[in-house]
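Each chain, letter by letter, is given below.
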Amino acid sequence: MPTDFYRSPIPEQLWERIRNEFNLPGLEQVRERLSTVHEDPEPIMRQLARVFIGEGVYCPGFQFRPDLTLDPVVVGLFDRAMELRIPHNYFALWMMVPSPALQGSRPVDLRRSGKATTLQAALEQAFTPMAA
């Protein structure tokens, strides 16, 4: 994958793919949903990966489990992405694109496979040149 891949504009089709496959609710919609399950949703809100599309802020659905808890693997990957100063939108792109480091699998498809260490290594491999 070209090193400038994660510096190029993100195609609008990515947001549609996320929306169609996992849902892409707005930040306030997520806050409302979480407040029906949690007395104080703010600690969870601080852990969310967000994407910025136009004037809106959205939360890719791939980070949620069906019970509205956060997927711990995605939270861990996102935490590491923030340490590496990876922009939120490029983290979402990385999650959705087949990765050579994962034998062509998409990280999003491996998030529940028990391969958190492998996913973190692939994230670092994809973005470490950017962080340097």
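Everything below is about the structure shown above.
A brief structural summary. (Residues numbered from 1 in each chain as written. Predicted model: local features only at pLDDT ≥ 70, side-chain atom pairs only at ≥ 80, totals over all residues. Heavy atoms only, no water.)

**Quick notes on the pattern of salt bridges**
Inclusion rule: By definition, a salt bridge exists where a carboxyl oxygen of Asp or Glu is found within 4 Å of a side-chain nitrogen of Lys or Arg. Secondary structure follows DSSP: runs of H or I at least 4 residues long count as helices, runs of E at least 2 residues long count as strands, and numbering of each begins at the N terminus. The buried label applies to any residue whose accessible area, calculated with a 1.4 Å probe on protein chains only, is under 20% of its type's maximum; exposed applies above 50%, and partly exposed to all values in between.
Enumeration according to the criterion identifies eight salt bridges in this entry. Linking D71 and R112 is a salt bridge whose minimum nitrogen-to-oxygen distance equals 3.1 Å. Of the two residues, D71 sits in the loop between β2 (56–58) and α4 (72–83) while R112 sits in the loop between α6 (107–110) and α7 (116–131), which places them 41 residues apart along the sequence. Look at D71 and you get buried, because its relative accessible area is 3%. Classification of R112 as partly exposed rests on a relative accessible area of 49%. Two residues, R106 and D109, come together in a salt bridge whose shortest N-O distance is 2.8 Å. Where salt bridges share partners, they join E21, R106 and D109 into one cluster.

**Remarks on the side chain of R111**
Basically, it comes down to this: In this tally, Asp and Glu contribute negative charge and Lys and Arg positive charge; neither His nor the terminal groups of the chain are included. Here a polar contact means two N or O atoms within 3.5 Å. Within protein one must be a hydrogen donor candidate and the other an acceptor candidate, and residues neighboring in sequence count only if both atoms are side-chain atoms.
Here R111 shows up in the loop between α6 and α7. For R111, which is buried and forms no salt bridge, the nearest opposite charge comes from D71, at a distance of 4.1 Å. A distance of 3.1 Å separates a polar atom in the side chain of R111 from the backbone oxygen of F62.

**Some remarks on the environment of V30**
This is how the line gets drawn: The contact criterion used throughout is that any non-hydrogen atoms of two residues lie within 4.5 Å.
Turning to its location among the elements, V30 is positioned in helix α2 (residues 27–37). Residue V30 is classed as buried on the basis of its relative accessible area of 3%. Sequence-wise, V30 and C59 are 29 residues apart; in three dimensions their C-alpha atoms are separated by 7.5 Å. When sequence neighbours within four positions are dropped, the list of residues in contact with V30 reads P25, M45, L48, C59 and F64.

**Some remarks on the packing of aromatic side chains**
In plain terms, the rule: Stacked, tilted and edge-to-face are the three classes assigned to paired rings of Phe, Tyr and Trp, where Trp is represented by its six-membered ring and a pair needs centres within 6.5 Å; plane angles under 30 degrees give stacked, over 60 edge-to-face, the rest tilted.
Applying the stated rule across the entire model yields three aromatic pairs. Seen from their ring centres, F22 and F62 are 6.0 Å apart, and the 90° between their planes marks the pair as edge-to-face. Of the two residues, F22 sits in the loop between α1 (12–21) and α2 while F62 sits in the loop between β2 and α4, which places them 40 residues apart along the sequence. F62 carries the same exposure label as F22, and that label is buried. A network of ring pairs unites the aromatic residues F78, F91 and W94 as a single cluster.

Function cannot be inferred from these measures alone, as they are strictly geometric.
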